[in-house]
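Summary of structural features
Residue-level listing of the chains:
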Amino acid sequence: MADEREQPVRRVLVVVAHPDDVDFGSAGTIATWTDAGLEVSYCIVTDGDAGGVDPEVPRSAIGVIRQDEQRKAAAILGVTDVEFLGYPDGRLMVSFELRRDITRVIRRTRPDRMVVPFPHRDLQSVYSSHPDHQAAGEAALCAVYPDARNPFAHPELLAEEGLEAHTVPEVWVMGAHDRADHYVDITDTFDRKIAALRAHASQTAHMTTLEKRMRGWGSLQAQAAGLPAGRLAEGYLVLDTR
Ligand SMILES: [Zn+2]
């Protein structure tokens, strides 16, 4: 579907729950897009302040550390526009306020494509069904339709901030597993994906098998995509939201 569009895609907005979500799910894809000249913005809904594995680091410091790590990881992939909405990690709900805050970012960045987390629980895999991910995915889809395109939704955004309605024409859903219908070959950007993941040192420094795990996961997706042996991929369910 993405290839049939009449207008070229120039701007992409990624909405995820935590610092590091975009890098685990999509860093290889993002690097192919910035290499091709696309402008990519990140909207990170929480500060990841329930993350980190080192009990010596005060909890109050984690949010700042993780924001800094996410900015470094973004820079490795050529992304400089990184916005944090500041919601508390581990307690995310699909609230009207969250929909409004994501709508604000959509109207500011005016993307041709969005990347969002899978909004439903996968009963086969408890680890891939973090409640914050589902909430961020659902709230982002509510912001895509109807909120961002309806000038009468969240009227203060237009009245007080001058943010005009915007229709996002396509959405790529990460973590869609067997629902994925579109794959990006990330073999040539895989090294940058690993570098971006290592930038999240508070989350990944202790992972001795990070590269091996990511390579295994990328090859499974490449197989699902029908790519030749040795290739790596990231998969998405692509939605037509025009
Ligand atoms: Zn996460």
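Here the structure is a predicted model, which is why all the values come from computation and not from measurement.

Here the focus is the overall build of the protein chain. On a plain count of helices and strands, the protein chain comes out with 8 helices and 7 strands. Against the 2.2 N^0.38 benchmark of 18 Å for 242 residues, the protein chain shows a C-alpha radius of gyration of 17 Å, consistent with a compact globule. When the backbone C-alpha atoms are referred to their principal axes, the protein chain occupies close to 50 × 50 × 35 Å. For the protein chain, buried positions account for 45% of its 242 residues.

Helical geometry: 3.6 residues make up each α-helical turn, so side chains three or four residues apart lie on a common side. The first and last C-alpha atoms of helix α2 (residues 59-76) sit 27 Å apart over 18 residues, in line with the 26 Å expected at 1.5 Å per residue. Listed in full, the buried residues belonging to α2 are Ile 62, Gly 63, Ile 65, Arg 66, Glu 69, Gln 70, Ala 73, Ala 74 and Ile 76. On its buried side, α2 packs onto α1 (21-35), β2 (39-46), β3 (81-87), α6 (190-199) and α7 (201-204). Phi for Gly 78, located one or two positions after α2, is positive at around 85°.

What follows concerns the environment of Glu 234. Within the secondary structure layout, Glu 234 lies in strand β7 (residues 233-240). In this structure the C-alpha to C-alpha distance between Glu 234 and Asp 185, which are 49 residues apart in sequence, comes to 6.8 Å. With sequence-adjacent residues up to four places away left out, Glu 234 is seen in contact with Gly 25, Ser 26, Gly 28, Thr 29, Tyr 183, Val 184, Ile 186 and Gln 221.

Residues Val 14, Val 15 and Ala 140 are the most contacted members of the largest nonpolar core, which totals 51 residues. Ranked by the residues each element gives to this core, the list is headed by helix α4 (residues 131-147), at 7 residues. With residues up to four places along the chain from it excluded, the contact list for Val 14 reads Val 22, Ser 26, Val 40, Tyr 42, Cys 43 and Val 115. One finds Val 184, Phe 190, Ala 222 and Ala 233 within the second-largest nonpolar core, a separate group that totals 6 residues.

Here α2 crosses α6 at 165°, and the two axes come no closer than 8 Å. Here α2 is positioned roughly antiparallel relative to α6, judged by the angle of their axes. Seen from above, α2 lies across α6 with right-handed handedness. Only Arg 192, Ala 195, Ala 196 and Ala 199 of α6 make contact with α2, whose side of the interface consists of Glu 69, Lys 72, Ala 73 and Ile 76. Considered class by class, the residues forming the contact of α2 with α6 number 5 nonpolar, no polar and 3 charged.

Reading the values: the criteria
For every chain, the first residue of the written sequence is number 1, and numbering continues from 1 onward in sequence order. It should be noted that, the model being predicted, local features are given only for residues of pLDDT at least 70 and side-chain atom pairs only at 80 or more, the latter also being counted only at that level, while totals for whole chains, interfaces and linings use all residues. A run of H or I in DSSP becomes a helix once it reaches four residues, and a run of E becomes a strand once it reaches two; helices and strands are each numbered from the N terminus. Restricting the calculation to C-alpha atoms gives the radius of gyration, and the globule rule supplies 2.2 Å times the number of residues raised to the power 0.38. Put plainly, a residue is buried at 20 or more neighbouring C-beta atoms within 10 Å of its own, exposed at 12 or fewer, and partly exposed in between, counting only other residues' C-beta atoms, which are placed from the backbone. Given a helix with a known number of residues, its expected span is that number minus one, times 1.5 Å. Two residues form a contact once the distance between their C-beta atoms, set from the backbone, is within 7 Å. Residues enter a nonpolar core if they are buried, belong to Ala, Val, Leu, Ile, Met, Phe, Trp, Tyr or Cys, and are joined to the set through C-beta atoms within 7 Å. Between the N-to-C directions of two axes lies an angle of 0 to 180 degrees, each axis being a line fitted to C-alpha atoms and, for a helix, fitted only over the stretch in contact. Orientation is classified from the angle alone, with under 35 degrees giving roughly parallel, over 145 giving roughly antiparallel, 65 to 115 giving roughly perpendicular, and any other angle giving oblique. Here is the rule for handedness: rotate from the far helix to the near one, and if that takes an anticlockwise turn smaller than a right angle the crossing is left-handed, while a clockwise turn gives right-handed. Charged residues are taken to be Asp, Glu, Lys and Arg, nonpolar residues to be Ala, Val, Leu, Ile, Met, Phe, Trp, Tyr, Cys and Pro, and polar residues to be all remaining types, Gly included.

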